[in-house]
Amino acid sequence: MMEKMIFGRYVPAQSLIHRMDPRSKLVIIFLFVCIVFIANNSLTYGLLAIYTLVMISLSKVPFRFIISGLKPVLWLVLFTLLLHLFLTKEGELLFQAGWFSIYEEGLRQGIFISLRFFLLILMTSILTLTTTPIEITDGLENLLHPLNKVKFPVHELALMMSISLRFIPTLMQETDKIMKAQTARGVDFSSGPIKDRVKAIIPLLIPLFVNSFKRAEELATAMEARGYRGGEGRTKYRQLSWGIKDTSMLVFLGILTALLVLFRT
Amino acid sequence: MSKEKLVQLDNISFQYALETGFALRNVSFDIYEGEWLALVGHNGSGKSTLAKLLNGLHFPQEGSIKVNGMLLTEESVWEIRKKIGMVFQNPDNQFVGTTVKDDVAFGLENNGIVREEMLERVKYSLEKVKMAQFLDQEPHHLSGGQKQRVAIAGVIALRPSIIILDEATSMLDPRGREEVLETVRELKENHHMTVISITHDLEEAVKADRIIVMNKGELYREGSPKEIFQLDEELVQLSLDIPFPVKLSKLLKEQGVSLSRHFLSEEELVAELWTSHYKK
Amino acid sequence: MDISLQKVEYRYQAKTPFERLAIKDVSINIPSGTFLAIIGHTGSGKSTVLQHLNALLKPTAGKVVIGDKEVTADKKQKNLKEVRQKVGIVFQFPEHQLFEETVEKDICFGPMNFGVTMEEAQRRAKVAIKQVGLSEEILSKSPFDLSGGQMRRVAIAGVLAMEPDVIVLDEPTAGLDPRGRKEIMDMFHALHIERKLSTVLVTHSMEDASKYADHIVIMQNGEVYKKGTPEEIFTSPEDLMQLGLDVPEVVRFQQKIEETFHIKFSQTCLTVEMLTKEIASLLKGGGQK
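Residues numbered from 1 in each chain as written. Chains lettered and ligands numbered in written order. Predicted model: local features only at pLDDT ≥ 70, side-chain atom pairs only at ≥ 80, totals over all residues. Heavy atoms only, no water.

1. Some thoughts on the overall build of chain C
Right, on to step 1. Helix and strand counts for chain C stand at 11 helices and 10 strands.
Right, on to step 2. The C-alpha radius of gyration of chain C comes to 21 Å, within 12% of the 19 Å expected for a compact globule of 289 residues.
Right, on to step 3. Along the longest, intermediate and shortest principal axes, the C-alpha atoms of chain C span 70 × 50 × 35 Å.
Right, on to step 4. Taken across its 289 residues, chain C has 55% of its residues classed as buried.
Right, on to step 5. Taking all contacts inside chain C whose residues are at least 6 apart in sequence as the whole, residues at least 24 apart take part in 60%.
Right, on to step 6. Of the roughly 12,300 Å² of accessible surface on chain C, a fraction of 48% belongs to carbon and sulfur atoms.
Right, on to step 7. Between the centroid of the 37 positive side chains of chain C and the centroid of its 40 negative side chains there is a distance of 3 Å. (Helix = DSSP H or I, 4+ residues; strand = E, 2+ residues; numbered from the N terminus. Rg over C-alpha atoms; globule rule 2.2 N^0.38 Å. Buried < 20%, exposed > 50% of the residue type's maximum accessible area, 1.4 Å probe, protein only. Contact = heavy atoms within 4.5 Å. Areas by Shrake-Rupley, 256 points an atom, 1.4 Å probe, with all protein chains shown as cover. Lys, Arg positive; Asp, Glu negative; His and termini not counted. Charge placed at Lys NZ, Arg CZ, Asp CG, Glu CD.)

Here it is in structure tokens:
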């Protein structure tokens, strides 16, 4: 069951995007989320789409892989489109059948907004497809570092994130194992009335919690035995390195922003 | 014996919070430099508690522990942890890093080792445990034995003088167990590591230099494998097992085959049977 | 109840980029009343085989026949519950599946899922808890207050209370001390003898396999490498050693004697007692020379 989740799973490769500093990728995504809202006509949306496509091709992640991973989210995009089709009643009437009608403005808005939504999802999935979760964590820790001054526990947060990432596969395996053990004891997880299925979750969740607490305790002991005592005085093994490619990618995004501002109406 | 005393335990008693009864009572013994000491006993005999005391994960209510002559206290504990590395039972629950190399580096980061040296030590220790080709591997792709070897690499990267194996092989399959023991044996031989292994695996205990048998929180017996395994039925009473060659020697004697002693290794027993009984 | 696997193949995550072949062309017969041991390294496919025994996994090719039920790749299966009641599985570290407030409730959980009344389930719990060597007082305790070894026994009791016709054991003694290991295995063996309970033991331990099983299947790289009675399997220990598998100490010792003495025993000894007798008579004969 768990195995089928492909959305956002890291795909190892040696592309330009893969080799970029996670900090620059995070900054670019953040800025992209902002500049998407500048676009308001076909030309500017077209520019955004081209930019996204260039990014995808640079990442060397097979396109069908991205699409198959996006399937669950596509419904949301489609839903956005339909919502606008039905609810916006401005501009010329394009189509009418009984109570159901589509207006020009509704179609335009629907397409633009779902495209905006779609591009955002594409860009963020390029981030997660080309960056290991731990790189993202490191990038975030580094970007958020200034917050240390206001006593924000950046190191602890990053450590928590990296440990959670480390244990996700372990917990998935464990969930699978307990599910099978309870299925063998007659629990039916996949059919029957909703009420029974909700009840079936209890024999899964309780062992999972109990085991996780035990894990956490043992892990804490092991960490202490290995000399962990908080972020102070710690050195770092993984290093981030900002290169020319990172600067150029940011410049590239700057040019896109300028074009968007220039061509918006 | 003129061997250096590396660790001295003096009259240790320990009780867990919220629990009645002592987990350890009046335990005293020394650990010598360069030896392989096996701590055996049934589940709940106090052997794992002992390991946690040595590493300062708990402090005894009574008695004292000295490592290299240094008294183990809340102040000295971090210094001492650098000297004593621990490998725990569950391979998963001690793997902190998201990849093999990150995990080995974890202890080094904690101790503020500069990055250049870290790179070197990570590489060196992974080579020592024959895991160098798995540098970037994620833990869920590794077998139990491989994870334990990474844990050992994490320990030796800190260059300790003692390594404690707290039932480190009990969750592994035979192949994993052999991999781990082989690695530790190599470290002991070539790097003069002192090994304390807490175990109920007989093959592990038979090959130790010295065995300490724990029972109900007390030190029951101390001696060489030969001495300990002569105890025979007493061991079974303590819920331990007897090595196969000893068992066989005993049965052969009952059948009227005279043997000079009980044998611990199969080779020795075969040789004795061959020379003193057959080849005439 | 008989179980048979016929040319079973299983692929994990079939038709995705992560597809992986776990077992192929596996045919195993488990007639009612057998004690079968499945042996192999981690990753040899033995756990995958185990999950086919009560239809937790459906083969991607071939078929599994459990009693009168056939499980194949393309058939939609209904009423798997019936199969699951008849084939109880004790997974590795079964104590991880405990969840109820009391031991009694946890043991009753399985039987009640299969439609047994509360009274009947409680009666079975009392029987099962004694079978696993614990006292009745423990029934009212919380499973999480017990020791690791006791939790293991409670979890096993939970499977026994389902009153299955076949019991499947996945490394049931992993992590226990020697006495615990022996007690648990002796208990399963006694159940097998007294109740003619078919038993499938998945294990790394050649000692246990040779001691308890009357048939052994050896898995290697997802295929059945060898099957037969313990005598047949251990008559050529060299094959097993070549695969990096252990052989029982008795067999290994016999082999050493045979090599040193340049002789061949008339049979493969599977117990220390048998081997002692053989050696004793050999030495007496040898001494006369």
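2. As for the sheet that holds strand β7 (residues 166–170) of chain C
Residue and element names in this part refer to chain C.
Right, on to step 1. As summarised here, the arrangement of the six strands in space is β6-β7-β8-β3-β9-β10, forming an open sheet in which the pairing is mixed. Two strands close off the open sheet at either side, each with one partner strand: β6 (87–90) and β10 (223–228). Neighbour-to-neighbour, the strand axes of the sheet open up by a mean angle of 15°, direction not taken into account.
Right, on to step 2. The pairing of β6 with β7 spans four bridges and is parallel. Counterpart to valine 90 in the pairing with β7 is leucine 169. (Pairing = 2+ DSSP bridges. Axes fitted to C-alpha atoms, helices over the stretch in contact; angles between N-to-C directions.)

3. Some thoughts on the packing of aromatic side chains
Right, on to step 1. A complete count under the given rule lists nine aromatic pairs over all chains for this structure.
Right, on to step 2. Ring plane angle 45° and centroid distance 5.5 Å describe the contact between tyrosine 51 of chain A and phenylalanine 252 of chain A, whose orientation is recorded as tilted. Of this pair, tyrosine 51 of chain A sits in helix α3 (residues 42–59) while phenylalanine 252 of chain A sits in helix α9 (residues 244–263); the two residues are 201 residues apart in sequence, bridging distant segments of the chain.
Right, on to step 3. According to the relative accessible area criterion, tyrosine 51 of chain A is buried, its value standing at 3%.
Right, on to step 4. Given the relative accessible area of 35%, phenylalanine 252 of chain A is considered partly exposed.
Right, on to step 5. A ring pair is formed by phenylalanine 99 of chain C and phenylalanine 109 of chain C, whose centres lie 4.7 Å apart and whose planes are at 85°; its orientation type is edge-to-face. (Phe/Tyr/Trp six-rings, centres within 6.5 Å; stacked < 30°, edge-to-face > 60°.)

4. Quick word on the interface of chain A and chain B
Right, on to step 1. Contact with chain A, which involves 28 residues of that partner, is made by 35 residues of chain B.
Right, on to step 2. Summed over both partners, the interface of chain A with chain B buries about 3,000 Å², with 53% contributed by carbon and sulfur atoms.
Right, on to step 3. On the chain A side of the interface with chain B, the three residues burying the most area are Arg166, Arg226 and Tyr237 of chain A, jointly 32% of the side's total.
Right, on to step 4. One can count five salt bridges joining chain A with chain B.
Right, on to step 5. Its salt-bridge partner being glutamate 109 of chain B, residue arginine 234 of chain A comes within 3.1 Å of it at the nearest N-O pair.
Right, on to step 6. Here chain A is connected to chain B by 16 residue pairs in polar contact (both at pLDDT 80 or more).
Right, on to step 7. Counting only elements with at least two residues in the side of chain A that touches chain B, the list comes to α7 (154–184) and α8 (194–225) of chain A.
Right, on to step 8. Classifying every residue of the side of chain A that touches chain B by side-chain character gives 11 nonpolar, eight polar and nine charged. (Buried area = accessible area lost by both parts, 1.4 Å probe. Salt bridge = Lys/Arg side-chain N within 4 Å of Asp/Glu carboxyl O. Polar contact = N/O pair within 3.5 Å; in protein donor to acceptor, adjacent residues only side chain to side chain. Nonpolar A, V, L, I, M, F, W, Y, C, P; charged D, E, K, R; others polar.)

5. Examining helix α5 (residues 148–160) of chain C
Residue and element names in this part refer to chain C.
Right, on to step 1. Between its first and last C-alpha atoms α5 spans 19 Å; for 13 residues at 1.5 Å apiece the expected length is 18 Å, and the two agree.
Right, on to step 2. Within the span of α5, buried status applies to Met151, Arg152, Arg153, Val154, Ala155, Ile156, Ala157, Gly158, Val159 and Leu160.
Right, on to step 3. The secondary structure elements touched by the buried residues of α5 are β6, α3 (103–113), α4 (118–131), β7 and α6 (178–195). (Expected span 1.5 Å × (residues − 1).)

6. Considering the environment of leucine 24 of chain B
Residue and element names in this part refer to chain B.
Right, on to step 1. With respect to the element layout, leucine 24 can be found in strand β2 (residues 24–32).
Right, on to step 2. Residue class for leucine 24 comes out buried when judged on its relative accessible area of 0%.
Right, on to step 3. The sequence separation of leucine 24 and asparagine 215 amounts to 191 residues, and the corresponding C-alpha distance is 9.4 Å.

7. Brief notes about the packing of α3 of chain A against α9 of chain A
All names here are of chain A.
Right, on to step 1. Direction vectors running N to C along α3 and α9 enclose 165°, while the axes themselves pass 9 Å from each other. Considering the angle they form, α3 stands roughly antiparallel to α9. By crossing handedness, the relation of α3 to α9 is classed as right-handed. The residues of α9 that touch α3, namely those facing Leu43, Thr44, Leu47, Leu48, Tyr51, Met55 and Leu58, are Met249, Phe252, Leu253, Leu256, Leu259, Leu260 and Phe263.
Right, on to step 2. Partitioning the contact of α3 with α9 into residue classes produces 13 nonpolar, one polar and no charged. (Parallel < 35°, antiparallel > 145°, perpendicular 65-115°, else oblique. Left-handed = near helix turned anticlockwise from the far one by under 90°.)

8. Considerations on the pairing of strand β2 (residues 100–103) of chain A
Residue and element names in this part refer to chain A.
Right, on to step 1. Pairing of strand β1 (residues 93–97) with β2 involves four bridges; the strand directions are antiparallel. Paired with phenylalanine 95 across the two strands is isoleucine 102, which belongs to β2.
Right, on to step 2. Connecting β1 to the next strand, β2, in antiparallel fashion are two residues, including glycine 98 with a positive phi near 65°.

9. Examining the interface of chain A and chain C
Right, on to step 1. At the junction of the two partners, chain A supplies 20 residues and chain C supplies 25 residues.
Right, on to step 2. For the chain A and chain C pair, buried surface summed over both sides reaches about 2,000 Å², with 63% attributable to carbon and sulfur atoms.
Right, on to step 3. Three residues, Lys180, Ala184 and Arg185 of chain A, lead the burial of chain A against chain C; their summed loss comes to 34% of the area buried on that side.
Right, on to step 4. Inspection of the region where chain A meets chain C yields one salt bridge.
Right, on to step 5. The shortest N-O distance in the salt bridge between aspartate 106 of chain C and arginine 185 of chain A comes to 3.1 Å.

10. What about the pairing of strand β9 (residues 215–220) of chain C?
Residues and elements named next belong to chain C.
Right, on to step 1. Along β9, five of the six residues are buried, which leaves the element largely enclosed by surrounding structure.
Right, on to step 2. Relative to β9, strand β3 (residues 35–39) runs parallel, the two sharing four bridges. From the neighbouring strand, isoleucine 39 faces β9, where its bridge partner is isoleucine 218.
Right, on to step 3. As paired strands, β9 and β10 are joined by five bridges and run antiparallel to one another. From the neighbouring strand, methionine 219 faces β10, where its bridge partner is valine 224.

11. A short note on the pattern of salt bridges
All names here are of chain B.
Right, on to step 1. With the rule as written, the count across this model stands at 49 salt bridges over all chains.
Right, on to step 2. Two residues, glutamate 79 and lysine 82, come together in a salt bridge whose shortest N-O distance is 3.4 Å. Of the two residues, glutamate 79 and lysine 82 are both situated in helix α2 (residues 77–83); the distance of three residues between them amounts to about one turn of the helix.
Right, on to step 3. What makes lysine 82 partly exposed here is its relative accessible area of 29%.

12. Concerning the side chain of histidine 42 of chain B
Right, on to step 1. Along the chain, the position of histidine 42 of chain B falls in the loop between β3 (36–40) and α1 (47–54).
Right, on to step 2. In contact with histidine 42 of chain B, other than residues within four places in its own chain, are Lys47, Met214, Asn215, Lys216, Leu238 and Ser239 of chain B together with Asp177 of chain C.

13. A closer look at the environment of serine 276 of chain B
Right, on to step 1. Its place among the elements puts serine 276 of chain B in helix α11 (residues 266–278).
Right, on to step 2. Between the alpha carbons of serine 276 of chain B and proline 139 of chain B there is a distance of 53 Å; along the sequence they are 137 residues apart.

14. Regarding the UniProt feature "transmembrane region" (unreviewed entry) in chain A
Right, on to step 1. UniProt feature "transmembrane region" (unreviewed entry): in the numbering of this structure it lies at residues 26–53, 65–87, 117–134 and 244–263 of chain A.
Right, on to step 2. For residues 65–87 of chain A, the helix share is 100%, the strand share is 0%, and the end-to-end C-alpha distance is 34 Å. (UniProt positions renumbered as here; feature names shortened; annotations may be inferred.)

15. Side note on the domain arrangement of chain A
Right, on to step 1. According to the domain assignment, chain A consists of domain 1 (2–131 + 241–263) and domain 2 (147–225).
Right, on to step 2. When each unit is reduced to the centre of its C-alpha atoms, the spacing between domain 1 of chain A and domain 2 of chain A is 33 Å. (Domains from an automatic or database assignment.)

16. Quick notes on the confidence of the model for chain A
Right, on to step 1. Looking at chain A as a whole, its pLDDT mean stands at 88, while 97% of the residues score no less than 70.
Right, on to step 2. Across residues 1–6 of chain A the pLDDT falls below 50, and counting only partners more than four positions away or on other chains, this stretch makes nine contacts in the model. (pLDDT = per-residue confidence, 0-100.)

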